[in-house]
Amino acid sequence: MALEDYKADMERCSQCSYCKWIPLDHVKSWRFAKGCPSIAYNNFLSYSARGRFAVALSLLNSQSNYTDRVVDIVYKCVTCGSCDVSDKICRYNLEPLEMMHELRFRLVEDGQLLPQHMAVIEHLRKEDNMMMEPRAGRGDWAEELDVKHITSEQAEVVFHAGCRFSYDKDLRETARTAVTLLKNAGVDIGIMGKDESCCGGKAYDMGYKGEFVKFAENATEAWTAAGVKTVVTSCADCYHAFNRLYPPLGAKFEILHTVQYLDRLIKEGKIKFTKTVPMRVTYHDPCHLGRQGEPYVPWEGKEKKIKGQIVVYEPRKPRYNGAWGVYDPPRDVLKSIPGLELVEMERIREYAWCCGAGGGAREAYPKFSNWTATERIEEAKSTGTEAIVSACPWCERNFTDAIDTTGEKMKVFDVIELVQQAI
Ligand code: SF4
Ligand code: SF4
């Protein structure tokens, strides 16, 4: 697809503003009714999906040129997809998220770049990670971990740690725990360790499609050579890249997030709990595991106008509206832990508020990113729980940083950590 392919969407935007909010029938309070962090933070129409449709149409029709403001509008968005869900549920089958990706690809092609993103991408090209860390340290997280290395030994399942878990010293124990839990439950698991690279998903979200394709092809080749059948990851961003972005490039692997695998193993009786974890927690749905965690559905077709008026697609286009994201496995895992009580926030599942770490916002707009996380912590606090639990290291890092800024008392956990506490 190209930006031009979304011109009909741009023209059909009715300016209803549903994309700024979660669907009305899911609103429980005015305080937590908003869905789009970008418009909520910037408080100006152009910083919404509606505004970005207008900006893109104006550029395509040569009614405006690139300016610093246009560049800011395009990139100051966490690519969370809340607008996309609200648009499809409340309005039409428009695809603002896909359009915004195409808009970023176009800006990158035209050299309209953010210096902060350029620095990260330059580093990615040299060192294969998004963390501004050296290539040589990639496998350190797995030091002395008793597990197969798939470049020298065959394994059915490969665990992909991802950039954040590989390099963030505060979080890497979670990745080690994930591998150990799966191995002890009898899974034939291996890792790539120092030979693993970035999944490319964050480069895609920033608009660098070429880098994404390179990393996708390299990973697919390595997994195929190693005879891997299943790829498991504890990172929501990696999960989304493997599950949704790799298949159109020809990848054919079973993709599981760790929470799905743990849920399966607990239900099969292969993981048993012996301890109680007396804690009241709330669960945050990572955008890339939740509403963007729906599997890729192949589609080839064309747009058609009926009587020159109504636009339809033949055959019917798959409709990604978030309903089939990964919502129940992490909740089922948490509910199965003895002593643990799960209390829900107001905005959950496909209507969850973003953690603020996505779309290159953490790298380019740290205040906006931190504010978005702080908003979620406020919502978590309103449940009266003592901890917010997630299933993505980027969410966990952004929440921890926000808590450090505000001095809140809220604790942050990964689902994996709580499972380990109960073993
Ligand atoms: S919900 Fe869709 S149609 Fe309505 S303003 Fe937003 S982008 Fe336009
Ligand atoms: S992707 Fe998220 S931040 Fe960006 S416009 Fe849509 S709702 Fe707003």
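Chemist: Talk me through the environment of I89; I want residue IDs and the actual numbers.
Modeler: Position of I89 relative to the elements: it lies in helix α5 (residues 82-90). Taking the relative accessible area as the measure of exposure, I89 reaches 36% and is therefore partly exposed. Measuring from C-alpha to C-alpha, the distance between I89 and N321 comes to 7.1 Å, with 232 residues separating the pair along the chain. Apart from the residues within four sequence positions on either side, I89 is in contact with P23, R319, N321 and Y351.

Chemist: How would you explain the nonpolar core if you had to name every residue and give the values?
Modeler: Of all hydrophobic cores here, the largest spans 133 residues; its most connected members are F159, W223 and Y246. The greatest single-element share of this core, amounting to seven residues, is contributed by helix α6 (residues 96-109). Of the domains in this structure, domain 1 (1-112) and domain 2 (118-267) are the two that each give at least three residues to this core.

Chemist: If you had to explain the sheet that holds strand β10 (residues 387-390) to someone new, which residues and values would you point to?
Modeler: Strand order in the open sheet made by the four strands is β9-β6-β10-β11, with parallel pairing throughout. Each of the sheet's edge strands pairs with one partner strand only, and the pair in question is β9 (340-342) and β11 (411-414). Shown here is a sheet whose adjacent strand axes are inclined to one another by a mean of 35°, direction ignored. Inspection of the sheet shows β10 paired to β11 by four bridges, in the parallel sense. Note on β11: the bridge partner recorded for S390 is D414. Seen against the sheet, helix α14 (residues 328-336) touches β6 (279-283), β9 and β10 and runs at an angle of roughly 145° to β9.

Chemist: How would you summarise the packing of aromatic side chains if you had to cite specific residues and measurements?
Modeler: Inspection of the entire model under this criterion finds 13 aromatic pairs. Consider the rings of Y41 and W371, whose centres lie 5.3 Å apart with planes at 55°: the pair is tilted. Of this pair, Y41 sits in helix α2 (residues 37-42) while W371 sits in helix α16 (residues 366-381), and the two are 330 residues apart along the sequence. Given the relative accessible area of 31%, Y41 is considered partly exposed. Look at F105 and Y204: their rings are 5.1 Å apart centre to centre, the planes differ by 80°, and that puts the pair in the edge-to-face class. Taken together, the residues span a long stretch of sequence, with F105 in helix α6 and Y204 in helix α10 (residues 201-206) at a distance of 99 residues. What makes Y204 buried here is its relative accessible area of 10%. Against the face of Y261 rests R264, its NZ or CZ located 5.2 Å from the ring centre.

Chemist: Would you mind going over the site of ligand 2 in detail, with residue names and values included?
Modeler: Of all residues adjacent to ligand 2, which total 13 residues, the nearest are C36, R52, C77, C80 and C83. Secondary-structure elements contributing two or more residues to the shell around ligand 2 are α2, α3 (49-60) and α5. Within the shell around ligand 2, the residues separate by chemical class into eight nonpolar, four polar and one charged.

Chemist: Run through the side chain of S234, naming residues and quoting values.
Modeler: Mapped onto the secondary structure, S234 falls in the loop between β4 (230-233) and α12 (236-245). Classification of S234 as buried rests on a relative accessible area of 0%. Reaching out from S234, the side chain makes a polar contact with the side chain of T258 at a distance of 2.5 Å.

Chemist: Which residues make up the domain arrangement of the protein, and what values do they have?
Modeler: One can read the domain layout of the protein as domain 1 (1-112) and domain 2 (118-267). Look at where the C-alpha atoms of domain 1 and domain 2 centre, and you get two points 30 Å apart. In this assembly, seven residues from domain 1 lie in contact with seven residues from domain 2. Of the roughly 650 Å² buried where domain 1 meets domain 2, counting both sides, 55% is carbon and sulfur surface. A per-residue breakdown of the area domain 1 buries against domain 2 is headed by H101, F105 and V108, which together make up 66% of the total. Scanning the region where domain 1 abuts domain 2 turns up zero salt bridges. Applying the counting criterion to the domain 1 and domain 2 interface returns one residue pair in polar contact (both at pLDDT 80 or more). The dominant element in the side of domain 1 that touches domain 2, judged by the number of residues it contributes, is α6, at five residues.

Procedures and definitions
- Residues numbered from 1 in each chain as written.
- Chains lettered and ligands numbered in written order.
- Predicted model: local features only at pLDDT ≥ 70, side-chain atom pairs only at ≥ 80, totals over all residues.
- Heavy atoms only, no water.
- Helix = DSSP H or I, 4+ residues; strand = E, 2+ residues; numbered from the N terminus.
- Buried < 20%, exposed > 50% of the residue type's maximum accessible area, 1.4 Å probe, protein only.
- Contact = heavy atoms within 4.5 Å.
- Core = buried A, V, L, I, M, F, W, Y, C linked by side-chain atoms within 4.5 Å.
- Domains from an automatic or database assignment.
- Pairing = 2+ DSSP bridges.
- Axes fitted to C-alpha atoms, helices over the stretch in contact; angles between N-to-C directions.
- Phe/Tyr/Trp six-rings, centres within 6.5 Å; stacked < 30°, edge-to-face > 60°.
- Lys NZ or Arg CZ within 6 Å of the ring centre and 35° of its normal.
- Near = heavy atom within 4 Å.
- Nonpolar A, V, L, I, M, F, W, Y, C, P; charged D, E, K, R; others polar.
- Polar contact = N/O pair within 3.5 Å; in protein donor to acceptor, adjacent residues only side chain to side chain.
- Buried area = accessible area lost by both parts, 1.4 Å probe.
- Salt bridge = Lys/Arg side-chain N within 4 Å of Asp/Glu carboxyl O.

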